[in-house]
Each structure stands twice: as C-alpha cells, then as structure tokens.
Amino acid sequence: MPGPLQYFIWFSCTLLEVAVLVCAYRRQAIRQYFLLNLYISCEVIASVVRFEILHHYGLSSLNYAYFYYYSDALLTILLFLALSSLYSQVFGELNAGRYVQFGALFLLSATALFSFAVVQQSSAKLLSHFVFELSQNLYFVGLVLTYILWAAILKLRETRTRLIQIVLSLGIYFSLYAANYALRNLYPSMESVFQSLNPLIGCFLPFAWAYAFWRIPDDARLEPSRLAVIR
Amino acid sequence: MMAVVILVCSLILMLQFFVSYCRSLIAASAKEPLPLEVQEVTGISRSASADDFSRVIQLLNLCPERPEDRSQLRVVGAYYRLLGFVRSTIALFAPSLKAWADRERALCAYFAAVTLGRRIAFSRNLLAQQMLP
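Residues numbered from 1 in each chain as written. Chains lettered and ligands numbered in written order. Predicted model: local features only at pLDDT ≥ 70, side-chain atom pairs only at ≥ 80, totals over all residues.

(A) View of the overall build of chain B. Helix and strand content of chain B: five helices and zero strands. Counting from the amino terminus, helix and strand elements in chain B follow one another as α-α-α-α-α. Radius of gyration (C-alpha) of chain B: 18 Å, far over the 14 Å computed for a compact globule of 133 residues. Over its C-alpha atoms, taken along the principal directions, chain B stretches across nearly 70 × 30 × 25 Å. The buried share of chain B, reckoned over its 133 residues, is 32%. Of the contacts formed within chain B by residues at least 6 apart in sequence, a portion of 81% connects residues at least 24 apart. (Helix = DSSP H or I, 4+ residues; strand = E, 2+ residues; numbered from the N terminus. Rg over C-alpha atoms; globule rule 2.2 N^0.38 Å. Buried ≥ 20, exposed ≤ 12 C-beta atoms within 10 Å, placed from the backbone. Contact = placed C-beta atoms within 7 Å.)

Shown next, in the form of structure tokens:
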C-alpha cells in the first residue's frame, strides 16, 4: 500500500483538481475551456475509482495495474484533445478550427500506429504494452504540439493572459512527464523512483490552472513578446 | 538513443516554458507603481537592482502572510534561484547572458517589492478591522 506521503500527494492533487472546477465555475469559464474542464473532471473520477480499486485489491494487484495504465492512456488522449481546443482558441479568428481538429485526429492516429508498430515487434502482452507506449508517445507529441502552439501565440501576438498561462503550464507539465518517461527508459533499475515522481508532477497542472482561473481575469492582457526566451 | 533525445528535448523545452511562465507572473507587476512607503523602506523607486530580491524577501517575512501571494512568491523565488545559478555558471562564459540574468533578477526584485506593498496594505486592513468596536 502507498505510504502517508504518497496518500497526501494523491489527495492534494485530487483536491487541486476539484479546485480547478470550482474556480472555473465561479469565473464562468466552464464553457470557454470545456475540454480542459472535462479532462479535469475525468481526472477526479479516475482518481476516486483508482482509490476504490486500490482499497479493494491492493497496489500490486493486476486490477489496479490495468485500471491505472488504461485510464492513464484515456486521460492522455483527452488531454491531447483539450490541447487541440486551445489551438482552436488561438486560431479562432483565422477560422481554422476544422483543420485543427483534423490535424489533431491525424496526429493521434499516427501516434497510435507508431506505438503499435513499436510494441508489435517486441511484446507478448500486446494491448497492455501498447497502452503504456501510447501514453508515453502522446506525452512527447503533446509537448511538441504545445511548443508549436506557444510559437503561434508569439507569432500571432495573442494577448489573453489566462490562455497564455494555461498553455505555458501545459508545456511544463508535458515536458516534465516526457522527461520522466525518458528517464524511466534510460534507467530501468530506478523505475520505482521515477514512477513515484508521477503524482508530484501531476499536481502541477491543476495547481497552475486553478491559479489561472481564480487569479487572472478573463479580460487580462499582456504582451507575449515580453515572455519569449528566444526572439 | 531515442530516450536520450526525448530527455534532452524535454529538458530544454521545460526550461523555456518555465522561464516564460515566470515572466508571465512577473509581467503584471512590472507596470504597477510602488507605494511611497515601500519606496522608502526598500530604497527602490522605479527599477530594482538584481541583488534587492533577498532584502525585500526579508522585509516580506516581517509582514503577516497573504494566502494569495504564497504560491506566486515560491515560483518567482525558484526562478530567481535558477537565474542566480545561470549567472554564476553558464553566464561566466557569455557576458550577454549575465546581463540578461541580471535584468530578470531585477524584475523578480521589483515583483517582490510590489508584493510587499500589497502585504502592507493587507496588514493595515487587518489592523483596522481589529480596532473596530
């Protein structure tokens, strides 16, 4: 069973996720950021169900392992779709929403095919390994897409502070996860250490989003050129 | 090999996102004028210097804490320490990087001074509420 610290991080993360939903509701941002809030709602539900399964079957049970990785893959796909909704917001004035949706679906399918091709060559438990591989690859694809979105924000001089902070925090989140997955592949003997970092990384995104919804008014604006590291 | 590429790319991009995120937190305070009392206490009038940050943080710790500031200050504090690390390591070989790090550290100090102003106002309000019959 997880220790008190792991339980504390887990509950804090779930509370932060609930806080995102409350803040978005209070600031009337549920509809504007619908897919982001849907993703957070699913995170809360998954967290509760994971706790129930853990409580009944234990940490080392197959039930918990299967549910953990399968729900993680589904949540990653949902986060990927949430990212595409941010693209739609940034490119909204160019009426490029349909192209963005098409591009997101194409990338999702391509990543799934690539993951399947990788797993097919070297795995007996095809579906389970496919799910793990897909999550890992989607984090990296998500990171690259977030970077492209950030470049578009700078290029199109998008000024909405809340949107900018949501995108930047998503970039930090994806890069932390992608780095963590890469470290797990590089040092398999230390997998348990890197895996224990996952819940801690998971806390960052709801924390940053709750802050963005609660503290930053919808009409707040800033100059994106002031934020660029490379000009 | 693929994992190394992913790791390096992730770390570079994370650094960029983190710097931009911290700047977005600081940006709003950069335009805010400092109250007179903060100018007197800190000696900062229009722009802060790179080394003012620790001094302003010491002053901040003397005031009652505002829950709204806590998380922002932690993130900006981490950014300030990262800049200090860059300044004392990589920037030794690139003078332009040192100048950039100093400008950013000065912005962090100004952000802390603006927060100090808010905390003083907050303490005043608290005191006023306690004085009410």
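What follows continues from the structure just given.
(B) Representation of the interface of chain B and chain A in the model. Chain B puts 19 residues into the contact, and the matching count from chain A is 24 residues. Element by element, the count of residues in the side of chain B that touches chain A is highest for helix α1 (residues 2-30) of chain B, at 18 residues. Residue classes in the side of chain B that touches chain A are distributed as 13 nonpolar, five polar and one charged. (Nonpolar A, V, L, I, M, F, W, Y, C, P; charged D, E, K, R; others polar.)

(C) Region of the structure containing helix α7 (residues 191-215) of chain A. Over its 25 residues, α7(A) runs 37 Å from end to end, which matches the ideal 36 Å to within 8%, given 1.5 Å per residue. At N198(A), α7(A) is deflected by roughly 25°, the largest bend along its length, and proline P199(A) occurs up to four residues later in sequence. Taken together, the buried residues of α7(A) touch α1 (4-26), α2 (34-57) and α6 (161-186) of chain A together with α4 (67-88) of chain B. (Expected span 1.5 Å × (residues − 1). Bend = angle between axes of the 7 residues up to and from the residue.)

(D) Structural context of the packing of helix α3 (residues 62-90) of chain A against helix α4 (residues 97-122) of chain A. Residue and element names in this part refer to chain A. Running from N to C, α3 and α4 cross one another at 155°; their axes reach a closest spacing of 9 Å. Comparing the axis directions of α3 and α4 gives the class roughly antiparallel. α4 is crossed by α3, and the crossing has right-handed handedness. On the side of α3, the interface is formed by I77, F80, L81, S84, Y87 and S88, while α4 contributes G97, V100, Q101, A104 and L108. Among the residues forming the contact of α3 with α4, the class breakdown is seven nonpolar, four polar and no charged. (Axes fitted to C-alpha atoms, helices over the stretch in contact; angles between N-to-C directions. Parallel < 35°, antiparallel > 145°, perpendicular 65-115°, else oblique. Left-handed = near helix turned anticlockwise from the far one by under 90°.)

(E) Geometry of the environment of R70(B). Residue placement: R70(B) occurs in helix α4. Distance in space between the C-alpha atoms of R70(B) and Q130(B) is 23 Å, their sequence separation being 60 residues.

(F) Quick peek at the environment of L186(A). Position of L186(A) among the secondary structure elements: in helix α6. Judged by the 13 C-beta atoms lying within 10 Å of it, L186(A) falls in the partly exposed class. When the C-alpha positions of L186(A) and V118(A) are compared, they lie 17 Å apart, and in sequence the two are 68 residues distant. Not counting chain neighbours up to four residues away, the residues in contact with L186(A) comprise A3(B), V4(B) and L7(B).

(G) Expanded view of the confidence of the model for chain A. Per-residue pLDDT for chain A has a mean of 88; in total, 97% of the residues score no lower than 70. Of all the helices and strands in chain A, α4(A) carries the lowest mean pLDDT, 84, while α2(A) carries the highest, 95. (pLDDT = per-residue confidence, 0-100.)

(H) Expanded view of the packing of α1(B) against α4(B). Residue and element names in this part refer to chain B. As a packed pair, α1 and α4 sit with axes 10 Å apart at the nearest point and diverge in direction by 125°. With respect to α4, the element α1 is oriented oblique. In the crossing of α1 with α4, the sense of the turn from one axis to the other is left-handed. Residue-level inspection shows C22, L25 and I26 of α1 in contact with α4, the latter providing Q72, V75, V76 and Y79. A per-class count over the contact of α1 with α4 returns six nonpolar, one polar and no charged.

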